[in-house]
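Okay, here's what each chain looks like letter by letter:
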Amino acid sequence: MKITRVETFAVPPRWLFCRIETDDGLVGWGEPVVEGRADTVRTAVHELADQFLTGADPSRIEDLWQVMTKGSFYRGGPVLSSAVAGIDQALWDIAGKALGAPVHRLLGGPVRERARAYCWVGGDEPAAVRDQVAAQVEAGFTAVKMNASGRMSRLPTVSELNDVAARAEAAREVLGPERDFAIDFHGRFSTAGAVRAAGVLEPYAPMFVEEPVLPEYTHLIGQVTGSTALPVATGERLYSRTDVLPALRAGIAVLQPDLSHAGGISECRRIAALAETFDVAVAPHCPLGPLALAASLQLAFCTPNFLIQEQSIGIHYNADAELLDYVADRSVFRFDEGHLLRPTALGLGVEIDEKAVRDADGSAKSWHNPLWRYGDGAFAEW
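Residues numbered from 1 in each chain as written. Predicted model: local features only at pLDDT ≥ 70, side-chain atom pairs only at ≥ 80, totals over all residues. Heavy atoms only, no water.

### Remarks on the pattern of salt bridges
Next up, step 1: According to the stated counting rule, one finds 23 salt bridges in the structure shown.
Next up, step 2: One salt bridge connects Arg 116 with Asp 180, and the closest N-O pair in it is separated by 3.0 Å. A residue pair is termed long-range when its members are at least 10 positions apart, and Arg 116 in strand S4 (residues 114–120) and Asp 180 in strand S6 (residues 180–184) qualify at 64 residues.
Next up, step 3: Taking the shortest distance from any N to any O, the salt bridge between Lys 145 and Glu 310 comes out at 3.4 Å. Of this pair, Lys 145 sits in strand S5 (residues 143–147) while Glu 310 is found in strand S11 (residues 309–310), placing the two residues 165 residues apart along the sequence.
Next up, step 4: Look at Lys 145 and you get buried, because its relative accessible area is 0%.
Next up, step 5: Taking the relative accessible area as the measure of exposure, Glu 310 reaches 2% and is therefore buried.
Next up, step 6: Counted as one network, the salt bridges with shared partners bring together Arg 5, Glu 7, Arg 19, Glu 21, Glu 354 and Arg 358. (Salt bridge = Lys/Arg side-chain N within 4 Å of Asp/Glu carboxyl O. Helix = DSSP H or I, 4+ residues; strand = E, 2+ residues; numbered from the N terminus. Buried < 20%, exposed > 50% of the residue type's maximum accessible area, 1.4 Å probe, protein only.)

Structure below.
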C-alpha cells in the first residue's frame, strides 16, 4: 500500500481538512490547522507531502512522524506540529480502516464506554452566564466552560476582579454542587494577576482554571499552582512532550493537548502517558471541527487519565458553518446525558461528507483573532 495523493480543504468557519488516498482506494482524513493561519499550515502540509509522503507506506505511522518532525534542521512550532498532527490523524484513520478497527483498539483498547464532554458559554455578563448555563443544563450537560474576563489590566483592578467573581458566582448558582464549570484565563492575565484572580474564584470551586499564564511564561506557572487550591490547567499552546514537561513539574492538575496542534494522535498519546506519571488528568483541547473531535475521542477512550472532552458543536463563533455540516452520519456525535459514546466505526470513527467538504473548499472567510489594545494604545492580550 502506497500514498498516492494528499489534498487539503479550507472550509468555514476556519478549519483545514486533509485527505490522504492510497493506491488500493483507502482514504484517511485529518484536521491540520492553526486558527488564523490555515493557509500557512496548508502550505506546510503539501511541503511535507512532497518530501515524505507521496509514494510512502501509510502504515509506517511512527517512522513518518519521526521524519516529518525531525527530518529538517529547523523543527517544531505550531505550524509544523499542526501540519504533522492532521497528517498523523489521517494515517491513523487509514490504519484503522485497513485493519478493521477503531483507532482506540489499535492503541490498547477502550478503558471506558462514554466520555464526559463540556460546552462553551459566553461568560461576558453575569445575567447572560445564568441564561446560557441554564440552557446547557437543560440540554443535559454536566459541565460548561467560560472565559474569566474580557481585556484584563496588567494588574487587575478591584472592579475587574469583582467581575471575574460575579461570572463564577452566576455559573455556580445555576449549576449547584453537582455540576461543574471551568474558567478560562486565556492567557489574558499577568502571572501576578492570575494569582489574584484565582484567589477570588476559590469560593466558587471551578473544576479548573485554564491557561492562567501565557505559554512563554510556563516557567512561572508554578507561582499560580502554589498559590491556590484550585486545579490549574494548561496545554493548548504547548506542542510536544518537551513543551509540557515544565508545566507538569510545576504542579498543574489538568493537561490540555490539542490533537490538531500537538503532533496528532501519536504525540498526544505520549503526552497523556507522560502526564499520567505526574498524576495529571488529560482534557483534550478541541474548539475545532469533526476530525479534530473524532481524533480526540479516539485518545479519550484508550487513555486512563482522561478527564473531560471539549467540543464545539453549537459554539457561538461557528457562524458560517457547523461541525455537523461535514459529517455524513451525525449520530457518532450524539450526546447522552452530557457524554459522547464510544465510537465503533473503523479508523477515526467518523464518515466525512466529501461532497460537502469539496463544495465548501475555498469559501471560508479569512479569520484572525481580534487585536486588543489598552486605553493608552498599547497591545493587550486577547
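### Focus on the sheet that holds strand S3 (residues 27–30)
Within a sheet, neighbouring strands are paired by backbone hydrogen bonds and run either parallel or antiparallel to one another.
Next up, step 1: The three strands are arranged S1-S2-S3 in an open sheet whose pairing can be described as antiparallel. Looking at strand neighbours, the two that pair on one side only are strand S1 (3–11) and S3, the edges of this open sheet. Neighbour-to-neighbour, the strand axes of the sheet open up by a mean angle of 20°, direction not taken into account.
Next up, step 2: Relative to strand S2 (residues 15–22), S1 runs antiparallel, the two being bridged by eight bridges. In the strand pairing of S2, Glu 7 is matched with Arg 19.
Next up, step 3: Contacting S1, S2 and S3, helix H3 (residues 78–99) crosses the sheet at an angle of about 145° to S3. (Pairing = 2+ DSSP bridges. Axes fitted to C-alpha atoms, helices over the stretch in contact; angles between N-to-C directions. Contact = heavy atoms within 4.5 Å.)

### Regarding the nonpolar core
Next up, step 1: Grouped together as the largest cluster of nonpolar side chains are 112 residues, with contacts concentrated most on Phe 17, Ile 20, Ile 87, Phe 181, Phe 185 and Phe 333.
Next up, step 2: If you tally residues by element for this core, the top one is H3, at nine residues.
Next up, step 3: Once residues within four sequence positions are removed from consideration, Phe 185 is found in contact with Ala 148, Ala 194, Ala 197, Ala 198, Leu 201, Val 209, Glu 210, Glu 211 and Pro 212.
Next up, step 4: Residues Ala 143, Ala 182, Phe 208 and Ala 283 belong to the second largest nonpolar core, which totals nine residues. (Core = buried A, V, L, I, M, F, W, Y, C linked by side-chain atoms within 4.5 Å.)

### A closer look at helix H11 (residues 290–300)
Next up, step 1: A large share of H11 lies buried, amounting to eleven of its eleven residues.
Next up, step 2: Three or more residues of H11 are buried, namely Pro 290, Leu 291, Ala 292, Leu 293, Ala 294, Ala 295, Ser 296, Leu 297, Gln 298, Leu 299 and Ala 300.

### So, the packing of helix H5 (residues 126–138) against helix H6 (residues 158–175)
Next up, step 1: Between H5 and H6, the least distance of the axes is 9 Å, while the angle of their chain directions is 30°. If you check the angle between H5 and H6, you find them roughly parallel. H6 is crossed by H5, and the crossing has right-handed handedness. Of the residues in H6, those touching H5 at Pro 126, Val 129, Arg 130, Val 133, Ala 134 and Val 137 are Ala 166, Arg 167, Ala 170, Ala 171, Glu 173, Val 174 and Leu 175. (Parallel < 35°, antiparallel > 145°, perpendicular 65-115°, else oblique. Left-handed = near helix turned anticlockwise from the far one by under 90°.)

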